[in-house]
Amino acid sequence: MEAPLDPEPQLEVSWEDAPGIRRVKIAGEIDLVCVEELAAALEADRSRLVVDLTEVSFLDLTGLRCLTDAAADCEVTLIPSSTVRRLLEITDTTGYFVLSGFEKP
């Protein structure tokens with residue numbers, strides 16, 4: 001017998017503010033269920049966001065849309081995990097962000 005799926009993926013979001021910048025650290029899975037939590041963390045009256053996604057194991061298109069929406073309002077630097085990096089490449093959305101720890105092939 002298979003174990004039941006966890007209906008609410010685990011997501012950990014933390015941030016710290018400094019003058020003109022918000023640094024956001026995200027770990028876990030980002031999908032439709034928890035995208036509001038991500039959006040709340042990205043809402044900042046700042047000129048720059050730095051978003052550490054190195055511990056994100058899953059990102060769906062609703063999460064990606066949340067990130068691109070944030071990039072429409074300010075400069076967003078992403079530090080992507082390999083999973084996130086792959087989604088950015090597949091969707092050709094790398095141009096929306098400043099990417100750190102990311103090398104284009």
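To be clear, the structure that these remarks concern was listed above.
All values reported here derive from a predicted model rather than from experimental measurement.

Unlike most non-glycine residues, Asp92 shows phi in positive territory, near 55°. For Asp92, a relative accessible area of 64% gives the class exposed.

Further remarks concern the packing of aromatic side chains. Centre-to-centre distance and the angle between the planes together describe a pair of aromatic rings. On inspection of all chains with the given rule, the structure shows 1 aromatic pair. With 6.2 Å between their ring centres and 45° between their planes, Tyr96 and Phe97 make a pair best called tilted. For Phe97, a relative accessible area of 7% gives the class buried.

Let's shift gears to the pairing of strand E4 (residues 75-80). The pairing of strand E3 (residues 48-59) with E4 spans 6 bridges and is parallel. Bridging across to E4, Val50 finds its partner in Thr77. Once you follow E3 into helix H2 (residues 61-73) and on to E4, the crossover reads as right-handed. Sheet topology places E4 next to strand E5 (residues 98-99); 2 bridges connect them, and they run parallel. Its bridge partner lying in E5, Leu78 is registered against Leu99. In this region the chain leaves E4, passes through helix H3 (residues 82-91) and returns to the parallel neighbour E5; the handedness of that crossover is right-handed.

With that settled, consider the packing of helix H1 (residues 35-42) against H2. With their axes 10 Å apart at the nearest point, H1 and H2 run at an angle of 15° to one another. When the axes of H1 and H2 are compared, the pair comes out roughly parallel. Remark: the crossing between H1 and H2 carries right-handed chirality. On H2, the residues that touch Val35, Leu38, Ala39 and Leu42 of H1 are Thr62, Gly63, Cys66, Leu67 and Ala70. Its residues placed into classes, the contact of H1 with H2 shows 7 nonpolar, 2 polar and no charged.

The rules we used
Per chain, the residues get numbers from 1 upward, laid out in the order the sequence is written. pLDDT decides what is reported in this predicted model: residues at 70 or higher carry local features, side-chain atom pairs at 80 or more are listed and counted, and totals for whole chains, interfaces and linings draw on all residues regardless. Only hydrogens and water are set aside; all other atoms, that is, all heavy atoms of the structure, feed into the side-chain values. Only protein chains enter the accessibility calculation, which uses a 1.4 Å probe; a residue is then buried when its area is under 20% of its type maximum, exposed when over 50%, and partly exposed in between. Working definition: a ring pair exists when centres of Phe, Tyr or Trp rings (six-membered ring for Trp) sit within 6.5 Å. Plane angles under 30 degrees give stacked, over 60 give edge-to-face, the rest tilted. Any two strands are treated as partners once DSSP identifies two or more bridges connecting them. A run of H or I in DSSP becomes a helix once it reaches four residues, and a run of E becomes a strand once it reaches two; helices and strands are each numbered from the N terminus. By convention a crossover is right-handed if, when the strands point away from the viewer, the path from the first strand over the helix to the second runs clockwise. Axis geometry follows a simple rule: fit a line to the C-alpha atoms, using only the stretch in contact for helices, then measure angles between N-to-C directions, giving values from 0 to 180 degrees. The cut-offs work like this: below 35 degrees is roughly parallel, past 145 is roughly antiparallel, 65 to 115 is roughly perpendicular, and the gaps in between are oblique. Crossings are classed by handedness, with left-handed meaning an anticlockwise turn of the near helix from the far one by less than a right angle and right-handed meaning a clockwise turn. In this description, contact between two residues means that some pair of their heavy atoms is separated by no more than 4.5 Å. Ten residue types, Ala, Val, Leu, Ile, Met, Phe, Trp, Tyr, Cys and Pro, are classed as nonpolar, four, Asp, Glu, Lys and Arg, as charged, and the remainder, Gly among them, as polar.

Distances and angles like these do not, on their own, reveal function.
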